[in-house]
Amino acid sequence: MIKKHLGIGMSICLAMTMALTGCGSKSSDTQEGSGNSQNSSIVIWTNLENEAKVLQEYAEKYTEETGQKVEVIHETADIQQFVQATKSADGPDGIYGLANDQLANYIDAGLVEEVPEDVFSDDDYVSASTIACYANGMRYGVPIAVETNALFYNTDKVKEAPETWEELLEVAKEQGGIQFEATSIYYDLGFLRAYDSYIFQYKDGAYDVNDIGVGNEGAVKAYEFINRLANEYQFFGSDITSDTAKGNFQSGQTAFYIGGPWDVDGFNSSGVSFAVAPMPTLNGKNFVTPVGIQVGFVSSKSDNKDGVWDFYQYLMEESPEAVYEAGGRIPAQLEAQEAIEKDEITESFIEQVSYGEPMPTVSEMGQVWTPFSDNMKLMLNGQCTPKEAASYIEEQLKEGIELMNSGK
């Protein structure tokens, strides 16, 4: 990546000097509602709590190199608070470290600036992380870090990770089963994708929310497989939550568990013998897990957009290893993934990320969770068939989307 931040930073400072104001000082004539002016300090909010201090340290280094003052603030405000804050002269110029499933709401509210083409190259980042930055065919975010689910297995019960779900079932039925929150589409996405289904169809950088896959023939096959796990193998019921599944694995009751990096510390503390592997293949295909991505965006209300993009480039080039060391977040940048010091567990998550994809970056995704969960519970309880569950999920999702859009 060509580094441009020094040149831009020097230009900014030159402009400030010509305006007879010091670098980083606030403009006295910034109008309310227009964000920060060109001769103001840049203010960035971040949801990354453990990493906020490191990001501020890099902001200070950036200031030393360019003369442009930047302040990084740990702030977990919602979208309404962000809107209100942008009306202030010292309001945020953007957020660096936002869960990708929240990005669509900011885009729909007109709060996000499109990413200039030269800020970063998609090819330098994990595919799932760049997909998450697009909406309506346009790129609105920069990828920072990635996480996903993988297969945990008890090494006292299982000597090596199964490569296929068929192998897993053979071992699991003898060694205590597998548990995960099977009523959540977050954990069931891979079953849908293995049978060529999807949530919303993705093509040419955009999701078609009118092309819904959770009720098609492939989805029915996915639900039939999940139903077998519950009612033929009796590995779990509709009442199994992620916490319950985690507790049963931690106590040694079950052989397998589907979870993420956030579970590792707890398992290490509990003393359970475990390892982590990429998910087994299903139906001859890699098991697609949802990749959570931390992204950054520049506020459309900022008066210093070029300066913010330059700072983001600086962070993307310089900080990924330090951010990983501070909070254990796997970099989205491929080169940084190679550079970080990692153990076998992190290696497994990185491999699984390469098979994953983000949840759709559309506001309509918010209408998926409840219909999916409610009807999967009915199916696992024997109150409807997989085919009926598929039909109900799709019908209720369409109704939810229609109701959501009726207020626009």
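You'll find the structure just up there.
Caption draft 1: Fine view of the overall build of the protein. Secondary structure assignment for the protein yields 16 helices and 14 strands. Here the protein has a C-alpha radius of gyration of 23 Å; the compact-globule value for 408 residues is 22 Å, and the two agree. Its C-alpha atoms put the protein at 75 × 50 × 30 Å along the principal axes. A buried classification covers 55% of the 408 residues belonging to the protein. Look at the contacts in the protein between residues 6 or more apart in sequence, and 77% of them connect residues 24 or more apart. Within the protein, the 65 negative side-chain charges are centred at a point lying 2 Å from the centre of the 25 positive side-chain charges.

Caption draft 2: Region of interest: the side chain of Glu-51. Counting through the fold element by element, Glu-51 comes out in the loop between β1 (42-46) and α2 (52-66). Excluding residues within four positions of it along the chain, Glu-51 makes contact with Val-323, Ala-326, Gly-327 and Arg-329.

Caption draft 3: Spatial organisation of helix α12 (residues 320-327). Buried within α12 are the following residues: Pro-320, Ala-322, Val-323 and Tyr-324. Close packing links the buried residues of α12 with α2, α11 (305-318), β14 (330-331), α13 (334-339) and α14 (344-355). Backbone geometry just after α12 places Gly-328 at a positive phi near 75°.

Caption draft 4: The arrangement of the pairing of β1 in detail. Across the five residues of β1, five count as buried, placing the element largely inside the fold. Residues Ile-42, Ile-44 and Thr-46 point to one face of β1 and Val-43 and Trp-45 to the other, with burial holding for every one of them. Examined bridge by bridge, β1 and strand β2 (residues 70-74) share five bridges and lie parallel to one another. The partner of Thr-46 across the bridge, within β2, is His-74. Note on the crossover from β1 through α2 to β2: the handedness is right-handed. Bridge count for β1 against strand β3 (residues 94-99) is two bridges, and the pairing is parallel. Counterpart to Ile-44 in the pairing with β3 is Gly-94.

Caption draft 5: Layout of the packing of α2 against α12. Relative to each other, α2 and α12 sit at 155°, their axes nearing to 9 Å. Here α2 lies roughly antiparallel to α12, going by the angle between them. When the axes of α2 and α12 are compared, the crossing they make is right-handed. Residues Val-54, Leu-55 and Tyr-58 of α2 touch α12, and the partners they reach there are Ala-322, Val-323 and Ala-326. Its residues assigned to classes, the contact of α2 with α12 shows six nonpolar, no polar and no charged.

Caption draft 6: A look at helix α15 (residues 369-380). With twelve residues, α15 ought to run about 16 Å at 1.5 Å a step, and its terminal C-alpha atoms sit 16 Å apart, in line with that. Buried residues of α15: Pro-371, Phe-372, Ser-373, Asn-375, Met-376, Met-379 and Leu-380, and no others. Each element contacted by the buried residues of α15 is listed here: α7 (185-194), α8 (217-232) and α16 (386-406). Of the residues one or two after α15, Gly-382 is the one with positive phi, at around 80°.

Caption draft 7: Inspection of the pattern of salt bridges at higher detail. What the rule picks out here adds up to eight salt bridges. Note that Asp-122 and Arg-139 form a salt bridge whose closest N and O atoms lie 2.8 Å from each other. Here the residue Asp-122 occupies a position in the loop between α4 (100-108) and α5 (127-131), and Arg-139 occupies one in strand β5 (residues 138-139), the gap between them amounting to 17 residues. By relative accessible area, Asp-122 is classed as partly exposed at 23%.

Caption draft 8: Structural view of the sheet that holds strand β7 (residues 150-154). What the four strands build is an open sheet, ordered β8-β11-β7-β12; its pairing is mixed. For this open sheet the edge positions go to β8 (178-179) and β12 (274-277), each flanked by a neighbour on one side alone. In this sheet, strand β11 (residues 256-259) lies alongside β8 in parallel orientation, the contact comprising two bridges. Paired with Ile-178 across the bridge in β11 is Phe-256. Contacts from α14 reach β7, β11 and β12, with the element oriented near 25° to β12.

So, how was this worked out
- Residues numbered from 1 in each chain as written.
- Predicted model: local features only at pLDDT ≥ 70, side-chain atom pairs only at ≥ 80, totals over all residues.
- Heavy atoms only, no water.
- Helix = DSSP H or I, 4+ residues; strand = E, 2+ residues; numbered from the N terminus.
- Rg over C-alpha atoms; globule rule 2.2 N^0.38 Å.
- Buried < 20%, exposed > 50% of the residue type's maximum accessible area, 1.4 Å probe, protein only.
- Contact = heavy atoms within 4.5 Å.
- Lys, Arg positive; Asp, Glu negative; His and termini not counted.
- Charge placed at Lys NZ, Arg CZ, Asp CG, Glu CD.
- Pairing = 2+ DSSP bridges.
- Right-handed = clockwise from strand over helix to strand, strands pointing away.
- Axes fitted to C-alpha atoms, helices over the stretch in contact; angles between N-to-C directions.
- Parallel < 35°, antiparallel > 145°, perpendicular 65-115°, else oblique.
- Left-handed = near helix turned anticlockwise from the far one by under 90°.
- Nonpolar A, V, L, I, M, F, W, Y, C, P; charged D, E, K, R; others polar.
- Expected span 1.5 Å × (residues − 1).
- Salt bridge = Lys/Arg side-chain N within 4 Å of Asp/Glu carboxyl O.

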